[in-house]
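Spelled out from the first residue to the last, the chains are:
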Amino acid sequence: MRMKNKDDIWILAIESSCDETAAAVVRNGRDVLSNVISSQIELHKLYGGVVPEIASRKHIEKINQVVEEALQGAGASFDDIDAIAVTYGPGLVGALLVGVAFAKALSFALGIPLVGVHHIEGHICANYIENKELEPPFLCLVVSGGHTHLVNVKGYGQYEILGRTRDDAAGEAFDKVARAIGLGYPGGPKIEELSKQGSPDAIPFPRAKVAGGQYDFSFSGLKSAVLNYINGCQMKKEPICRADVAASFQKAVIDVLVGHAMDAAQEFGVDKFSIAGGVASNATLREAMRQACEQRNIRFYNPSPIFCTDNAAMIGVAGYYDFINGKTHGWDLNAVPGLKLGESI
Ligand code: KG4
Ligand code: ZN
């Protein structure tokens, strides 16, 4: 067992918003004592994407074991835990409900507070884990399978949305294009791998600008352009170089993400910029952001890939800051699939 200091705050966190059943123990907001992730990807691959009903059932099967492993891995017992943090939205409602019901039961049985956490806030807070000196204010680009948000992190728990996608999320675009060129699910890592053999300048895919929203994104036109390109080649019986399609598509996404991010950094005069979410594990995006920040004397932060994709450690970090700021929930906490984050400009 691990010794717990008198003033320590240990949070047991649970995440089940999509296809990962995850639990973690986080000490004092930034120290990850354990981080257990049970992924269902192999199962959903068979269907080319996440099947919500299957996801919920698998969460129910796994959650007990995952929480037990998280406690064991941390050298902790339930008596060491000060609060239970859980993702309550956004996400798949049936999947979220499993985590929320489990967390409520635990917090009731143990007689300790319950903290409902916003999934995107968790992604942003993943940056605090390996960068102990990072404090708000800073800007964060959140790019995942369900979300593309440019966020002004004004303080702990204080978020202003500067821009968001009007249609597909960045990760969703990766997944759809991957399917179109026969790479399977999840598409992001596969497109990244194949891109290494292709040229990013081979095909001039569009970089969309969105009318009336300087920092908003749109990826559905880009996805259509890729599909049209493939159809065009097939009609003309021309061979398709999948690596060139992957590399050119990836470059088009990254150009827009980095462009918007740097415009916002300039307007808001920030000296710190971070990225978060599953797509933030893309090495080409990380490198492009790092270089763009370096040129402008901005410190760039990114979580390790394991803290970019869905995990519970990030929920424990966000939950800690809510907890010490007195933001806890009652037994009426429900799963909210369309939960909003912060204010929008
Ligand atoms: O954050 P996440 O695990 O789940 C959501 O909250 O959505 O993100 C999953 C998304 C998927 O769309 C996946 O294709 C994408 O992140 N992704 C990537 C990479 N790794 C995961 N996209 C691009 N490059 C990657 N290396
Ligand atoms: Zn996520």
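Residues numbered from 1 in each chain as written. Chains lettered and ligands numbered in written order. Predicted model: local features only at pLDDT ≥ 70, side-chain atom pairs only at ≥ 80, totals over all residues. Heavy atoms only, no water.

(A) Structural view of the coordination of the zinc ion (ligand 2). Those donors, H119 (NE2), H123 (NE2) and D310 (OD), are the protein atoms that reach the zinc ion (ligand 2), and they lie 2.0 to 2.1 Å from it. Classification of the site at the zinc ion (ligand 2) as irregular follows from its four donor atoms and the range of 95 to 138° in their angles at the metal. Within one chain, the residues donating to the zinc ion (ligand 2) are spaced in sequence as H-x3-H-x186-D. One end of the pair, H119, is in helix α4 (residues 119–125); the other, D310, is in the loop between α11 (305–308) and α12 (313–324), and 191 residues separate them in sequence. (Donors = N, O, S within 2.8 Å, 3.2 Å for Na, K, Ca; no water. Tetrahedral: all angles 85-135°; square planar, octahedral: opposite > 155°, others 65-115°. Helix = DSSP H or I, 4+ residues; strand = E, 2+ residues; numbered from the N terminus.)

(B) Up close: the pairing of strand β4 (residues 83–89). Taken across its seven residues, β4 has seven buried, putting it largely inside the fold. Where strand β1 (residues 10–15) meets β4, four bridges bridge the pair, whose relative direction is parallel. Each residue of the ladder has a partner; that of I14, found in β4, is V86. Sheet topology places β4 next to strand β5 (residues 114–118); five bridges connect them, and they run parallel. (Buried < 20%, exposed > 50% of the residue type's maximum accessible area, 1.4 Å probe, protein only. Pairing = 2+ DSSP bridges.)

(C) The arrangement of the packing of helix α6 (residues 170–180) against helix α7 (residues 187–195) in detail. At a minimum axis distance of 8 Å, the contact between α6 and α7 shows a crossing angle of 65°. By the angle class used here, α6 and α7 are roughly perpendicular. The handedness of the crossing between α6 and α7 comes out as left-handed. Facing F174, D175, V177 and A178 of α6, the residues of α7 in contact are G187, G188 and I191. For the contact of α6 with α7, the class distribution of residues is four nonpolar, two polar and one charged. (Axes fitted to C-alpha atoms, helices over the stretch in contact; angles between N-to-C directions. Parallel < 35°, antiparallel > 145°, perpendicular 65-115°, else oblique. Left-handed = near helix turned anticlockwise from the far one by under 90°. Contact = heavy atoms within 4.5 Å. Nonpolar A, V, L, I, M, F, W, Y, C, P; charged D, E, K, R; others polar.)

(D) Up close: the domain arrangement of the chain. Taken domain by domain, the chain consists of domain 1 (10–126 + 311–324) and domain 2 (137–303). Domain 1 puts 15 residues into the contact, and the matching count from domain 2 is 18 residues. A combined buried area of about 1300 Å² lies between domain 1 and domain 2, and 72% of that area is made up of carbon and sulfur atoms. For the domain 1 face of the interface with domain 2, the top three residues by lost area are I120, H123 and I124, together amounting to 41%. Across the contact surface, domain 1 and domain 2 share zero salt bridges. Joining domain 1 to domain 2, the criterion identifies three residue pairs in polar contact (both at pLDDT 80 or more). (Domains from an automatic or database assignment. Buried area = accessible area lost by both parts, 1.4 Å probe. Salt bridge = Lys/Arg side-chain N within 4 Å of Asp/Glu carboxyl O. Polar contact = N/O pair within 3.5 Å; in protein donor to acceptor, adjacent residues only side chain to side chain.)

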